[in-house]
2 protein chains.
Amino acid sequence: MNSRPSASPATLQDVAREAGVSLATASRSLNGSVRKVHDDYRQRVLEAAARLNYSPNLSAQAVAKGASSTVALLVSDIADPYFSSIAAGVIRAAEAKGLIVTMAATARSSVRELELVRALRGQRPQVIILTGSRLEGPPAHDALVAELQAFINTGGRVVLISQRELPFSTVVVDNYLGARALANSLVEQGYRRFAAIGGARALMTSTDRLSGFADGLAEHGIAIHPNHVARAEFTRDGGYTAGQHLLATGITGVQLVFAVNDVMAIGAMSAFRDGGLAVPESIAVAGFDDISTARDVTPALTTVRVPLEELGSRAVELAFSESDSPANDVVTVGTTVVLRESSPAI
Amino acid sequence: MNSRPSASPATLQDVAREAGVSLATASRSLNGSVRKVHDDYRQRVLEAAARLNYSPNLSAQAVAKGASSTVALLVSDIADPYFSSIAAGVIRAAEAKGLIVTMAATARSSVRELELVRALRGQRPQVIILTGSRLEGPPAHDALVAELQAFINTGGRVVLISQRELPFSTVVVDNYLGARALANSLVEQGYRRFAAIGGARALMTSTDRLSGFADGLAEHGIAIHPNHVARAEFTRDGGYTAGQHLLATGITGVQLVFAVNDVMAIGAMSAFRDGGLAVPESIAVAGFDDISTARDVTPALTTVRVPLEELGSRAVELAFSESDSPANDVVTVGTTVVLRESSPAI
DNA sequence: CTGTTAGCGCATTCAA
DNA sequence: TTGAATGCGCTAACAG
């Protein structure tokens, strides 16, 4: 075992020499199309490669063939269950295609996002997938679009998840319909008086869910009083704050609070409890997304299931389904209402 | 705007030509050490690059300098909050060093893990970080060690998170001490009779936590009856099953059940409730990890906080702190007992 | 300080 | 089928 501590990795050249064949033959045996090299040679090459513990240099392959085999994924925050589930889907679908996933987190900053897209572009990935809403002003927005467009113009693919505001292929969740269905289900459960917790007005996801919910209620002649709509950050703590706010401004008579996503709903539940309101006895709660935690909180959270992993895998598939059509396809994935203990029939 | 749909990306050569300078000057202006090229030239190059929307080809850079700028991260399942938090830490620390993170999921299969390490090695990453316990038999184990060793021998770095069984640098959680501290705190709360839920015997994480807890109790002359220790899978459903098992075999008199991780504790809580035992009135529960859900369940879960993100960032730092010392350093991160409503003072 | 040139590891064309 | 030679985009000596 003569293993020098810090030698350099075996190269194709080394393998070829070890096997007593040419570089080209070694290359063909290890990667090129199958039916090209004599079995004897192929065997010798394979053995030599194993002996040398050869691992093809992906970067070199990428330069040589002018195309890498990676998928770049940009999320707001990988620790957020919403994004980590999507990431799981992306990874699964990418692996199935032999692609490696590189990930970066924008921390919800559009400036950072732009930097990252720029950096990721250097990888020459097959696809860049963007997910996580931004609240950017027009300048950052335009720069991002320009950057992505440049990527596309040079042969790249771009897919967005859940943000149809940008002119690229997108996988969207049917937020409007899901929220409307939820509203209907809740009315069916006997609820009549509602409050709501939303995110920033600029967030399409939030506004779609809010308007879907409102429209669903409207079908039954129910409306939400403007004072009963709180807005806060799209996070657990935002939900907590909004819950406190509702408590402070008064939601007497309100039977159920709908939060536009689960993490906010869970934050609100905590706020209500901390404020002395029992859930669901004194106030029922419903969310949106069906993150895994929704099952585990007590009471289990009524919500609208979004097939998160599927969102990720669909994004990858969408990227490769585009037969050079610059058409910005849109794939819509449906949702399912999931009634749980946080909104018992009354 | 003459943007041909599918041209190829601008190259350094293009930039140099556009700026009217040599390839080398362009390279130096864009990347090389700062104080080397005249400001006039530098400006022209920068402008040309912007005009052409140039993005350096990272793969080419990697081959040219013989070193890529990526960190490879292997997790069991990115959708699991435990791993996604670690991943967040890795990403943060890597970005701080200008490194891009590539991720892959092993789905807890040691075979898959080996394949992935092999594939990832092709990226010539600066570091390969492994996290997520395996239960593999010796063959897979040896193959993995060999593969990682080969990577190290050719200049790579390997860091493991929370699995000191392997001969590489590792970031470990002080499971033993954390569990011992928890035991002490619970005794202080007035608890005297305990049961426990662990994972498979081969899982160091589980056995360390169990023995730490037992030793902590022993300091007060308390022991857990062997019949009051259940074992199951390291998942929520495993915890549920173990909870049912304890219920079935009888845990009369037991005041608190300690589960070696939060997800199992949460599963057990459900099992107890479904079995008619109120938590914490009839039976108290404690877990380990302090995943974010722990705060949100009702009653909120007493647990031992593990700084998950820190685990990830430490791993990256550990990789680069090794000054070529083949020493397999071990960094231990401490934990904190977090008492919540699932174990009120009695 | 700038430009020329030679590789980096690999795929692939072209002859043989 | 195989091997020799060229080039991918870039960095790093090397001269000027």
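Calculation rules
Per chain, residue numbering runs from 1 following the sequence as it is written. Each chain gets a letter, beginning with A, and each ligand a number, beginning with 1, in the order they are written. For a predicted model such as this one, the threshold for reporting local features is a pLDDT of at least 70, and the threshold for listing and counting side-chain atom pairs is 80 or more; totals across whole chains, interfaces and linings nevertheless cover every residue. No hydrogens and no water enter the side-chain calculation; it runs on all heavy atoms of the structure. Each residue is tested against the molecule or strand, and it is near if at least one of its non-hydrogen atoms lies within 4 Å. Think of a polar contact as two N or O atoms within 3.5 Å of one another; within protein, one of them needs to be a possible hydrogen donor and the other a possible acceptor, and neighboring residues in sequence only count if both atoms come from side chains. We count a stretch as a helix when DSSP gives it H or I for four or more residues in a row; a strand needs E for two or more, and each element gets its number in order from the N terminus. Three labels apply to residues, based on accessible area from a 1.4 Å probe with only protein chains included: buried if under 20% of the type maximum, exposed if over 50%, partly exposed otherwise in between. In summary, the charge assignment counts Lys and Arg as positive and Asp and Glu as negative, without counting His or the chain termini. A side-chain nitrogen of Lys or Arg and a carboxyl oxygen of Asp or Glu constitute a salt bridge if their distance falls within 4 Å. By the convention used here, residues are in contact when the closest approach between their heavy atoms is within 4.5 Å. Classes in brief: Ala, Val, Leu, Ile, Met, Phe, Trp, Tyr, Cys and Pro nonpolar; Asp, Glu, Lys and Arg charged; the others, Gly included, polar. The axes used here are C-alpha line fits, helices contributing only the stretch in contact, and every angle between their N-to-C directions lies in the interval 0 to 180 degrees. We call a crossing left-handed when the near helix sits turned anticlockwise from the far one by less than a right angle, and right-handed when that turn is clockwise. What sets the superposition is a least-squares fit of C-alpha atoms, and only residues with pLDDT of at least 70 in both copies go into it.

Asker: Can you explain the protein's contact with DNA strand C? Please cite residues and give values.
Answerer: In the vicinity of DNA strand C, 24 residues are found, and the nearest of them are A:Leu12, A:Tyr54, B:Thr25, B:Arg28 and B:His38. Of all DNA strand C atoms lying within 4 Å of any protein atom, the proportion belonging to sugar or phosphate reaches 66%. Between DNA strand C and the protein, one listed contact pairs a base nitrogen with a backbone N or O atom of A:Ala60 at 3.5 Å. The contact in question runs from a base oxygen of DNA strand C to an N or O atom on the backbone of B:Ala64, over 3.2 Å. Secondary-structure elements contributing two or more residues to the surface near DNA strand C are helix 2 (23-30) and helix 4 (58-65) of chain A together with helix 2 (23-30) and helix 4 (58-65) of chain B.

Asker: Can you break down the side chain of B:Asp262 residue by residue, with the values?
Answerer: All names here are of chain B. Looking at where Asp262 falls in the secondary structure, it is placed in helix 11 (residues 262-274). In this structure, Asp262 is buried with no salt-bridge partner, the nearest side chain bearing the opposite charge being Arg340 at 6.3 Å. Within the structure, the side chain of Asp262 is placed 2.9 Å from the backbone nitrogen of Ile291, a separation counted as a polar contact. Those residues in contact with Asp262, other than ones at most four positions away along the chain, are Gly287, Phe288, Asp289, Asp290, Ile291, Ala294, Leu301 and Thr303.

Asker: Any details on the protein's contact with DNA strand D? Residues and values, ideally.
Answerer: By nearness alone, 25 residues border DNA strand D, and A:Thr25, A:Arg28, B:Leu12, B:Ser27 and B:Tyr54 come closest of all. Within the backbone of A:Val63, one N or O atom sits 3.4 Å away from a base oxygen of DNA strand D. One nitrogen or oxygen atom from the main chain of B:Leu12 is found 2.3 Å from a phosphate oxygen belonging to DNA strand D. Within the residue set of the surface near DNA strand D, elements represented by two or more residues are helix 2 and helix 4 of chain A together with helix 2 and helix 4 of chain B. Here the residues of the surface near DNA strand D are counted per class, giving 14 nonpolar, 8 polar and 3 charged.

Asker: An account of the packing of helix 8 (residues 175-188) of chain B against helix 9 (residues 204-218) of chain B is needed here, citing residue identities and associated values.
Answerer: Residue and element names in this part refer to chain B. For the pair helix 8 and helix 9, interaxial distance at closest approach is 7 Å and the crossing angle is 35°. Where helix 8 crosses over helix 9, the handedness of that crossing is right-handed. Contact with helix 8, carried on its side by Asn175, Tyr176, Ala179, Arg180, Leu182, Ala183, Asn184, Leu186 and Val187, involves Thr205, Asp208, Arg209, Ser211, Gly212, Phe213, Asp215, Gly216 and Leu217 of helix 9 and no other residues of that element.

Asker: I'd love a proper account of the relation of the copies chain A and chain B, names of residues and values included.
Answerer: In screw terms, the move from chain A to chain B is a rotation of 180° and a rise of 0.4 Å along the axis, fitting with an RMSD of 0.6 Å. With respect to symmetry, the two chain copies, as superposed, fit the operation of a two-fold axis. A shared binding surface is used by both copies, with 98% of the interface residues of chain A retained as interface residues in chain B.

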